[in-house]
Amino acid sequence: MTPSYKFFFAVVCVALLCFPMHVTAARPSSFGFGSFLKSFGTSETRTSTTTNGCADSADHTKWEAGKANFSKDMRTCGLKCIFNTQKCVTSCMQKAHGYSDGCAGCLGDLAQCTKAHCESPCMLSSSNPTCVSCVKSNCDPAFATCSGITSSDMPPSK
């Protein structure tokens, strides 16, 4: 695959596919965006020690006010953050909504997990059932622990 095709693949993945509405940690894929990033030496991982990072009243109020646009906001930040997903999405969501460091970090972790584990099933649409299932299975538990936001408080997939 030539570099221009790799870049196109990255843009398509992050812009359209990698950020479904529902979220849920386990098997890395053997091919896809994570492999692409590793070819540039930019793969990143972060192990969050945060728990209930979005549970304080200020973050909860911001979550409730913005959750209807959650998927759109994550895709927007993801497009800006192709090569530095966790840190960049953390910063982007913090700037966009004013989340605390802990809460925004959980959102960055969610973006990184989704990119690492579900890029293939989410390639065509973040709302297709295979993508939603992948993210629920692979990222939801860690996101719920980190953020304190449970799947029952997530907006429905669009």
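Because the structure is predicted, anything quoted here is derived from the model rather than measured. Each chain has its residues counted from 1, running along the sequence as written. Per-residue local features are limited, in this predicted model, to residues with pLDDT of at least 70; the limit for side-chain atom pairs, both in listing and counting, is 80 or more; totals at the level of whole chains, interfaces and linings are taken over all residues. Each side-chain value is derived from all of the structure's non-hydrogen atoms; neither hydrogens nor water enter the calculation.

*Asks:* What should I look at first to understand the confidence of the model for the protein chain in this one?
*Replies:* Residue-level confidence of the predictor is what pLDDT reports, using numbers from 0 through 100. Per-residue confidence for the protein chain averages 75 on the pLDDT scale, and 68% of its residues sit at or above 70. Runs of H or I in DSSP of at least four residues are treated as helices and runs of E of at least two as strands, each being numbered from the N terminus. Here helix α2 (residues 33-39) stands out as the least confident element of the protein chain, with mean pLDDT 42; helix α5 (residues 85-97) is the most confident, with 95. Note on residues 2-43: pLDDT under 50 across the span, and 115 contacts to partners over four residues away in sequence or across chains. The contact rule is simple, with two residues in contact once any of their heavy atoms fall within 4.5 Å.

*Asks:* It is not clear to me how the pattern of salt bridges should be interpreted in this structure. Could you clarify?
*Replies:* Any two side chains of opposite charge can pair, so long as their charged atoms come close to each other. Put simply, a salt bridge is a Lys or Arg side-chain nitrogen that is within 4 Å of an Asp or Glu carboxyl oxygen. For the coordinates displayed, the defined rule picks out two salt bridges. With a shortest N-O distance of 3.3 Å, K67 and E64 are connected by a salt bridge. One salt bridge in this structure joins D153 and K67, with 2.8 Å as the shortest N-O distance. Linking D153 in the segment after α8 (140-147) with K67 in the loop between α3 (57-66) and α4 (70-80), this pair joins segments that are 86 residues apart in sequence. Overlapping salt bridges bring together E64, K67 and D153 as one network.

*Asks:* I keep staring at unusual backbone geometry and nothing clicks. Help me out?
*Replies:* With glycine set apart, most residues show a phi of negative sign, and most peptide bonds adopt trans. The phi torsion at N52 lies on the positive side, around 55°, for a residue other than glycine. Position of N52 among the secondary structure elements: in the loop between α2 and α3. Here the term buried applies to any residue with accessible area under 20% of the maximum for its type, exposed to any over 50%, and partly exposed to those in between, with areas from a 1.4 Å probe on protein chains only. Of the residues examined, N52 reaches a relative accessible area of 47% and is grouped as partly exposed.

*Asks:* Sorry, what's going on with the state of the cysteines here?
*Replies:* Throughout this description, disulfide means a covalent bond between two cysteine sulfur atoms. We call a pair of cysteine sulfur atoms a disulfide whenever their separation is within 2.5 Å. Applying the stated criterion across every chain, the model contains six disulfides. Two residues share a disulfide in this structure: C113 and C139, whose sulfurs sit 2.0 Å from each other. Across the S-S bond linking C113 and C139, the dihedral sits near -95°, which makes this disulfide left-handed. Highlighted residues: C113 in helix α6 (residues 101-118) and C139 in the loop between α7 (129-138) and α8, separated in sequence by 26 residues. Considered together, C113 and C139 belong to a single accessibility category, that of buried residues.

*Asks:* Is there a simple way to think about the nonpolar core in this case?
*Replies:* General note: in soluble globular proteins, nonpolar side chains tend to be found buried as a group. Nonpolar cores are built from buried Ala, Val, Leu, Ile, Met, Phe, Trp, Tyr and Cys residues. Side-chain atoms within 4.5 Å join them into one set. If you look at the biggest cluster of nonpolar residues, it comprises 27 residues, and the most contacted ones within it are F70, M74, V89, M93, Y99, L107 and F143. Of all elements in the fold, only α4, α5, α6, α7 and α8 reach the threshold of two or more residues within this core. By residue number, the principal contributor to this core is α6, which donates eight residues. Leaving out residues up to four positions away in the same chain, L107 has contacts with F70, M74, V89, M93, Y99 and F143.

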